[in-house]
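Listed here are the chains, written in short residue letters.
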Amino acid sequence: MELFVSDLDGTLLNKDQVISDYSKKELNRLISTGVNFAIATARSPATVSDILDGIDIKTPVVLMNGVVIFDIEKKKYIDVKEIDKESVKEIIKILQEYNKTFFLYGIKDDYLWVYHKDFTYDFEREYYEERCNKKLKSFKKVENYLDILDDNQIINFVFFEDNKLIAHELFEKIMKVKGVTGNCYKDIYNEGAFFLDVYNEEASKANGIKFLADYVEHSKVITFGDGENDIGMFHLVGTSIAMGNADVEVKKHASTVTLTVDEDGIADFFEKEFKIK
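Calculation rules
As a convention, each chain's residues are numbered from 1 in the sequence order in which they are written. Local features in a predicted model are, by the rule used here, given only for residues with pLDDT of at least 70; side-chain atom pairs are given and counted only at 80 or more, and totals for whole chains, interfaces and linings are based on all residues. The side-chain values count all of the structure's non-hydrogen atoms but skip hydrogen atoms and water molecules. Helix and strand definitions here come from DSSP, where helices need a minimum of 4 consecutive H or I residues and strands a minimum of 2 consecutive E residues; each element is numbered from the N-terminal end. The globule rule used for comparison is 2.2 Å times the number of residues to the exponent 0.38, while the radius of gyration itself is calculated over C-alpha atoms. With a 1.4 Å probe rolled over the protein chains alone, any residue whose accessible area is under 20% of its type maximum counts as buried; one over 50% counts as exposed, and the rest are partly exposed. Residue contacts are counted whenever heavy atoms from the two residues lie within 4.5 Å of one another. Put simply, buried Ala, Val, Leu, Ile, Met, Phe, Trp, Tyr and Cys residues joined by side-chain atoms within 4.5 Å make one nonpolar core. Two joining distances apply to patches: 9 Å for like charges and 5 Å for nonpolar side chains (Val, Leu, Ile, Met, Phe, Trp, Tyr), and every residue must have over 30% relative accessible area and no salt bridge. Throughout, the Shrake-Rupley method with a 1.4 Å probe supplies accessible areas, and for residues the shown protein chains are the sole cover considered. Should a side-chain nitrogen of Lys or Arg be within 4 Å of a carboxyl oxygen of Asp or Glu, the pair is scored as a salt bridge. Residues scored as charged are limited to Lys and Arg (positive) and Asp and Glu (negative), so that His and the chain ends carry no count. Here the site of a charge means NZ on Lys, CZ on Arg, CG on Asp, or CD on Glu. A pair of strands counts as paired when DSSP detects no fewer than two bridges linking them. Axis definition: a line fit to C-alpha positions, over the contact stretch in the case of helices; interaxial angles, taken between N-to-C directions, run 0 to 180 degrees.

1. Side note on the overall build of the protein
Item 1. Secondary structure assignment for the protein yields nine helices and 14 strands.
Item 2. The C-alpha atoms of the protein give a radius of gyration of 19 Å, which matches the 19 Å a tight globule of 277 residues would have.
Item 3. With the C-alpha coordinates of the protein rotated into their principal frame, the extents come out at 60 × 40 × 30 Å.
Item 4. Across the 277 residues of the protein, 54% fall into the buried class.
Item 5. Residue pairs in contact within the protein that sit at least 24 positions apart in sequence constitute 62% of those at least 6 positions apart.

Here is the structure:
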């Protein structure tokens, strides 16, 4: 049977940030035939678990841009791309030189913890308040980040900066640390803020799908996406489907194009191509 892997935001999640009842119904029909359906997204288990509620996903999913492979059904981490501890210490040192506060994500005893200190910016507090009551993840204030390193698999740094020059300068320094990659961009949710995150350089949606392809029995892999960060997984597989709402450049890399996410493009593809009625 096929292994289908879909992006989430802009691909399954519509303009209301939900998966429509119609799409859920068609996905469950597909899964009931024995087909493997998975998600590849930048989101964490805490948010994905709620979003996918009502969909009978049995295949592990690729989360946090490939940093973790997570079994939603069993609430278990299958694979974790940990940042080397020496690299973690080096990044902490750089951030402290800039007097930066940050969120440090770690997995301990198969559970996701987010460690932090007092907040510098209002958008740090907003980031915390939007996430602190989610299941499958807990926030914990610490005095010294180094105290938690031995007991945790460190997987991600998240921090904010309101000065563009400092944000890019800081990011360039961290990108020189061995074994890490990351992102630095203007935060679309907080005016005047730059969002930065850092994780293992081996983590990506494409590598996550490679892991799933080895983990799950399948005849071929088919991917759905709408963004630039989906192009890598498009090139990895034989069949790739871009959403109708994807940018023109993204569509160029896909095998075909379906309807927009608000038109239930994935469900429409399944109905037409796999005759699910």
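2. Describing the nonpolar core
Item 1. Counting residues in each nonpolar core, the largest one holds 50 residues, and the members touching the most others are F37 and L52.
Item 2. Discounting chain neighbours no more than four positions away, the residues touching F37 are F4, S6, L12, L27, L30, I31, I57, T59 and F270.
Item 3. Core analysis: the next-biggest nonpolar cluster, separate from the first, contains 27 residues, I83, I92, Y145 and L149 among them.

3. Points about unusual backbone geometry
Item 1. Phi angles above zero are rare outside glycine, and N99 is one such case at about 55°.
Item 2. Note that N99 resides in the loop between helix 3 (85-97) and strand 6 (103-108).
Item 3. Here D110, not a glycine, exhibits a phi torsion of approximately 65°, which is positive.

4. Quick notes on a negative patch on the surface
Item 1. Side chains of D109, D110, D150 and D151 sit close together on the surface and give a patch of like negative charge.
Item 2. Mapping D109 onto the fold places it in the loop between strand 6 and strand 7 (111-116).
Item 3. You can call D109 exposed: its relative accessible area is 72%.

5. Topic: the sheet that holds strand 6
Item 1. Ordered in space as 8-7-6-9-11-10, the six strands form an open sheet in which the pairing is mixed. Two strands bound the open sheet, and with one partner strand each, they are strand 8 (137-141) and strand 10 (180-186). Each strand of the sheet is rotated relative to its neighbour by a mean of 20°, with strand direction disregarded.
Item 2. When strand 7 meets strand 8, the two strands line up parallel, connected through five bridges. In the strand pairing of strand 8, W113 is matched with S138.
Item 3. Against the sheet, helix 3 touches strand 9 (153-161), strand 10 and strand 11 (194-200), its axis set at about 20° to strand 9.
Item 4. The strands touched by helix 5 (residues 164-174) within the sheet are strand 9, strand 10 and strand 11, with strand 11 carrying the most contacts at an inclination of about 5°.

6. Details of the environment of K178
Item 1. Positionally, K178 belongs in the loop between helix 5 and strand 10.
Item 2. Separated by 76 residues in the primary sequence, K178 and A254 have C-alpha atoms spaced 33 Å apart.

Just distances and angles here, no functional claims.
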